[in-house]
Amino acid sequence: MPEAILNNLEVSAKQDQKILELAREFDIEIPALCYHPALSPAASCKLCAVEIKTPDKPSQIKLACTTKVKEGMEIKTESEAVHRARITAFKKLVEYAPESEAIRNLARKFSIDLGPTPDECIRCRLCIRVCKEVVGADALGMEKRGSEKFVVPKQKNACIGCGTCANICPTGAIKMKDQDNIRYI
């Protein structure tokens, strides 16, 4: 049974045990979307990056789902290098599935900012202009959040529910539905 150090804790691993399995035994969370204990590891999501140091070798980033625990190995599940590797992996995954709440929630859990969720809005301001210039309600405006601007309601109850903003939106970002004689925009 290999002896190792996992986040400054001396541990014993089973023969051929993967780092991810060992970490889970000690309730140490490592993000992983493509891992399942009943299947062989695919190492495709790349989220389970950890920093390892073995005797006589420099530290390196490895994937916890495929890397076996070795005698004398030092494993860090959190470090600056690990964080950078996870940022890269999360950004690649969010390119594939930009609206995935599962990916975004997991990234938040590990303090990785993926930026705003795509909202289909191209910031053309047609909705803002039509609401002010044609409808006269002036219910919408732009608000800066972080480095992005978003269309937001200006004040509560200014919207009259006419739906003009939804009808003029060129991308369909503004949705409208009528339900039980109430209009939701």
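The structure we're discussing is the one just above.
First, a word on scope: everything that follows refers to the structure included in this document. Residues take numbers from 1 onward in each chain, read along the sequence in its written order. Predicted model: local features are reported for residues with pLDDT of at least 70 only, side-chain atom pairs are reported and counted for 80 or more only, and whole-chain, interface and lining totals are derived from all residues. Where side-chain values are given, they derive from all heavy atoms of the structure, hydrogens and water being excluded.

**Regarding the sheet that holds strand E4 (residues 60-63)**
And then number 1: A sheet is described by the order of its strands in space; here five strands give the open sequence E2-E1-E5-E3-E4, paired in mixed fashion. The open sheet terminates on both sides in strands that have one partner only, identified here as strand E2 (9-12) and E4. Going from strand to strand, the sheet's axes swing by 35° on average, the running direction of each strand aside.
And then number 2: In this sheet, E4 lies alongside strand E3 (residues 49-53) in antiparallel orientation, the contact comprising four bridges. Residue pairing for E4: Ala49 is matched across the bridge by Leu63.
And then number 3: Helix H2 (residues 80-96) contacts E3, E4 and strand E5 (74-76) of the sheet and is inclined by roughly 145° relative to E3. One requirement defines pairing of two strands: DSSP has to find at least two bridges between them. Numbering of helices and strands runs from the N terminus, with a helix taken as a DSSP run of H or I at least four residues long and a strand as a DSSP run of E at least two residues long. Helix axes use the C-alpha atoms of the stretch in contact, all axes being lines fitted to C-alpha atoms, and the angles between their N-to-C directions lie in the range 0 to 180 degrees. Here a residue-residue contact requires only that any non-hydrogen atoms of the pair lie within 4.5 Å.

**A look at the pairing of E3**
On a regular strand, one side chain projects to one face of the sheet and the next to the other, so that they alternate.
And then number 1: The buried fraction of E3 amounts to four of the five residues, a majority that puts the element mostly inside the structure.
And then number 2: Where E3 folds back onto E4 in an antiparallel hairpin, the turn is made up of six residues, including Asp56, whose phi is positive at roughly 65°.
And then number 3: Bridge count for E3 against E5 is three bridges, and the pairing is antiparallel. Opposite Lys53, over in E5, you have Glu74 as the bridge partner. Think of it in three bands: residues with accessible area under 20% of the maximum for their type are buried, residues over 50% are exposed, and the middle band is partly exposed, with areas taken using a 1.4 Å probe on protein chains only.

**Regarding the packing of aromatic side chains**
And then number 1: Each pair of aromatic rings taken from Phe, Tyr and Trp, with Trp reduced to its six-membered ring, is defined by centres within 6.5 Å and is described as stacked if the planes are under 30 degrees apart, edge-to-face if over 60, and tilted in the remaining cases. In the structure shown here, the tally under the stated rule is zero aromatic pairs.
And then number 2: Placement of a positive charge over a ring is assigned whenever Lys NZ or Arg CZ falls within 6 Å of the ring centre and within 35 degrees of the normal to the ring plane. Of note, Arg123 hangs over the ring of Phe150, and the distance from its end group to the ring centre comes to 4.9 Å.

**Quick look at the packing of H2 against helix H3 (residues 101-109)**
And then number 1: The N-to-C vectors of H2 and H3 enclose an angle of 160°; their axes lie 10 Å apart at closest approach. Considering their axes alone, H2 and H3 lie roughly antiparallel with respect to each other. The interaxial crossing formed by H2 with H3 has left-handed handedness. Across the interface between the two elements, Phe90, Leu93 and Val94 from H2 touch Ile103, Arg104, Leu106 and Ala107 from H3.
And then number 2: Residues that form the contact of H2 with H3 fall into these classes: six nonpolar, no polar and one charged. Each angle gets one of four labels, with under 35 degrees taken as roughly parallel, over 145 as roughly antiparallel, 65 to 115 as roughly perpendicular, and the rest as oblique. Note: crossing handedness is left-handed where the near helix turns anticlockwise from the far helix by less than a right angle, and right-handed where it turns clockwise. Under the scheme applied here, ten amino acids are nonpolar (Ala, Val, Leu, Ile, Met, Phe, Trp, Tyr, Cys and Pro), four are charged (Asp, Glu, Lys and Arg), and all others, including Gly, are polar.

Everything listed here is a matter of geometry and, on its own, says nothing about what the molecule does.
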